[in-house]
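If you want the building blocks of each chain, they are given just below.
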Amino acid sequence: MSDQREERHQHFETLAIHAGQEPDEATGAVVPPIYQVSTYKQDGVGGLRGGYEYSRSANPTRTALEDNLAALDGGRRGLAFASGLAAEDCLLRTLLTPGDHVVIPNDAYGGTFRLISKVVERWGVEWSVADTSDPEAVRAALRPRTKAIWVETPSNPLLGITDIEALAGVARDAGVKLVVDNTFASPYLQQPLALGADVVVYSTTKYMGGHSDVVGGALVVNDDTLGEELAYHQNAMGAVAGPFDAWLVMRGIKTLAVRMDRHSANAERIAELLSSHDKVTQVYYPGLAEHPGHEVATKQMRSYGGMVSFRVAGGEQAAVEVCNRAKLFTLGESLGGVESLIEHPGRMTHASTAGSLLEVPADLVRLSVGIESVDDLLADLKQALG
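Residues numbered from 1 in each chain as written. Predicted model: local features only at pLDDT ≥ 70, side-chain atom pairs only at ≥ 80, totals over all residues. Heavy atoms only, no water.

K.L.:
Could you clarify how one ought to interpret the environment of S356 in this entry?
P.N.:
Along the polypeptide, S356 turns up in the loop between β11 (341-343) and β12 (364-368). In the structure, S356 is positioned 182 residues away from A174 in sequence and 27 Å away in space, judged by C-alpha atoms. Side-chain polar atoms of S356 contact the backbone oxygen of T353, separated by 2.6 Å. Engagement of the side chain of S356 in a polar contact is seen with the backbone nitrogen of L358, the distance being 3.0 Å. (Helix = DSSP H or I, 4+ residues; strand = E, 2+ residues; numbered from the N terminus. Polar contact = N/O pair within 3.5 Å; in protein donor to acceptor, adjacent residues only side chain to side chain.)

K.L.:
What is the right way to look at the pairing of strand β3 (residues 126-130) in this model?
P.N.:
On a regular strand, each side chain points to the face opposite its neighbour's, so the side chains alternate between the two faces of the sheet. In this sheet, β3 lies alongside strand β2 (residues 101-105) in parallel orientation, the contact comprising 5 bridges. Bridged to V103 within β3 is S128. For the handedness criterion, the β-α-β arrangement of β2, helix α5 (residues 110-120) and β3 is classed as right-handed. (Pairing = 2+ DSSP bridges. Right-handed = clockwise from strand over helix to strand, strands pointing away.)

K.L.:
Which parts of the structure should I look at to understand empty space enclosed by the protein?
P.N.:
Any empty space left between atoms is shown by rolling a water-sized probe over those atoms. Within this structure, the stated rule accounts for 2 cavities of 30 Å³ or more. Considered as a void within the structure, the largest cavity measures approximately 50 Å³ in volume. Put simply, the parts of the chain that give the lining of the largest cavity at least two residues each are β1 (77-81) and α10 (243-253). It is α10 that provides the largest number of residues to the lining of the largest cavity, a total of 3 residues. Across the lining of the largest cavity, the residue classes tally to 7 nonpolar, 3 polar and 1 charged. (1 Å grid on protein atoms, 1.4 Å probe; cavity = no way out; pocket = protein on both sides within 12 Å on 5 of 7 lines; lining within 4 Å. Points joined across faces, edges and corners; volume = space filled by probe spheres on them. Nonpolar A, V, L, I, M, F, W, Y, C, P; charged D, E, K, R; others polar.)

K.L.:
Which parts of the structure should I look at to understand the packing of helix α11 (residues 256-275) against helix α14 (residues 374-385)?
P.N.:
Think of two packed helices as two axes; the pair is described by the angle between the axes and how far apart they sit. Remark: α11 packs on α14, axes separated minimally by 10 Å, with the N-to-C direction vectors making an angle of 30 degrees. One finds that α11 runs roughly parallel with respect to α14. Handedness of the α11/α14 crossing: right-handed. Contacts between α11 and α14 involve N266, R269, I270, L273 and L274 from the former and V374, D375, L377, L378, L381, K382 and L385 from the latter. (Axes fitted to C-alpha atoms, helices over the stretch in contact; angles between N-to-C directions. Parallel < 35°, antiparallel > 145°, perpendicular 65-115°, else oblique. Left-handed = near helix turned anticlockwise from the far one by under 90°. Contact = heavy atoms within 4.5 Å.)

K.L.:
What exactly am I supposed to notice about α10 here?
P.N.:
Those residues of α10 that sit buried are P243, A246, L248, V249, M250, G252 and I253. Of the surrounding elements, those touching the buried residues of α10 are α2 (12-18), α3 (60-72) and α11. (Buried < 20%, exposed > 50% of the residue type's maximum accessible area, 1.4 Å probe, protein only.)

K.L.:
What am I meant to see in helix α9 (residues 224-237) here?
P.N.:
Helical geometry note: an α-helix holds 3.6 residues per turn, so side chains three or four residues apart project in the same direction. Its 14 residues give α9 an end-to-end C-alpha distance of 20 Å, which sits within 8% of 20 Å, the value for a rise of 1.5 Å per residue. Check the buried side of α9 and you find it contacts α3, β1, α4 (84-95), β6 (199-203) and β7 (217-221). The backbone nitrogen of T225 has a side-chain oxygen 3.1 Å away, supplied by the residue at the start of α9, namely D223. Remark: G238 follows α9 within two positions and exhibits a positive phi of approximately 85 degrees. (Expected span 1.5 Å × (residues − 1).)

K.L.:
Which parts of the structure should I look at to understand the nonpolar core?
P.N.:
Among soluble globular proteins, nonpolar side chains are generally buried collectively. Formed by 69 residues in total, the largest nonpolar core has its most connected members in I270, L274, V283, F310 and L367. Broken down by element, the residue count for this core peaks at 8 residues, all from α11. Listed in part, the 28 residues of the second largest apolar core include A87, V125, V199 and V221. (Core = buried A, V, L, I, M, F, W, Y, C linked by side-chain atoms within 4.5 Å.)

K.L.:
What's the story with the packing of aromatic side chains in this structure? I'm lost.
P.N.:
Between two aromatic rings, the relevant description is the distance of the centres plus the angle of the planes. Evaluation of the coordinates by the stated rule reveals 5 aromatic pairs. Seen in terms of ring centroids, F12 and Y188 are 5.3 Å apart; in terms of plane orientation they differ by 55 degrees. Their pairing is tilted. Here F12 is found in helix α2, whereas its partner Y188 is found in helix α8 (residues 186-189), with 176 residues between them in sequence. Taken individually, F12 and Y188 each receive the classification buried, so the pair is uniform in this respect. Measuring from ring centre to ring centre gives 6.1 Å for F244 and W247, while their planes differ by 15 degrees; the resulting arrangement is stacked. Of this pair, F244 and W247 are both found in helix α10, 3 residues apart, which corresponds to roughly one turn of the helix. Taking relative accessible area as the criterion, F244 reaches 42% and is therefore assigned partly exposed. (Phe/Tyr/Trp six-rings, centres within 6.5 Å; stacked < 30°, edge-to-face > 60°.)

In structure tokens:
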């Protein structure tokens, strides 16, 4: 407990490097070892060393990551999973039972929409869509059996902004949980628990890992009881982060702060270029003064992040051609790595939303802005736009 109290007074950059990562007692190694092990010798029946018996239930490398995740978000419990969707699945099945209802945003990651609309719905859970940037619209969407409000901010792929503190009030009044997918922001740029959220969700594949070499997910909570319930389901369902994956995410987190500063600075320059380009009809970036969520983003975020989306004059085919002409921006799904990526959401990451209330514009292009020289990135976009 004394260590936790001390951590609360440390800055984010310090916590990212040290929280949960004490030097190894046996060797003094400054990086937590990769405990590539499935089972552990017990000191007599039921005599567990450090609480470890089987690595689905707990693994020292994963414990180090989970302690680190909790510290970064100012939470009491962190849980690491095999993917972001594995984390979401565990959360949904912990919070909901057949007949319950969840409110989801009208702009959400395609995988989240697919999980809820094609998998969880078959389990008997109902869902409805609301514009989460409007607290009254969310309040109107609540039902007697609503158990959770699901938010992404910034959202994927339209970079919508939700006032977390305002929605926390709506959730509190209704007695429901507020879940915030903080993947686009990372805990460095935004702290949902401090703003009243009950659960923070991450795909650690993205900015936390940061190097496009690991797949993972995480949940962070402030409530001990909810933390225990989630841990029970995490063990019972089994989609946990493996030790090497946990180690890779920890490796990435150490440089999260400096990377996010560069991602954000580069993205701001790119958003400015796109805003003045005659082949671009609309730019989605919360750092722009004309963005409808700019004031809220300024209030609740350290800076505006590395994701930029824009619409292209000429429609869907023109947007696809921009993606194909890019050279330095790699055509690919995912986001948050040190290298810049470009994609067509309608045909790629958000294809599952076609024909639904969450369908994305056909002329939309999404950028994950990396940490390369911004001048090189600007030059590549100029030639791609033609």
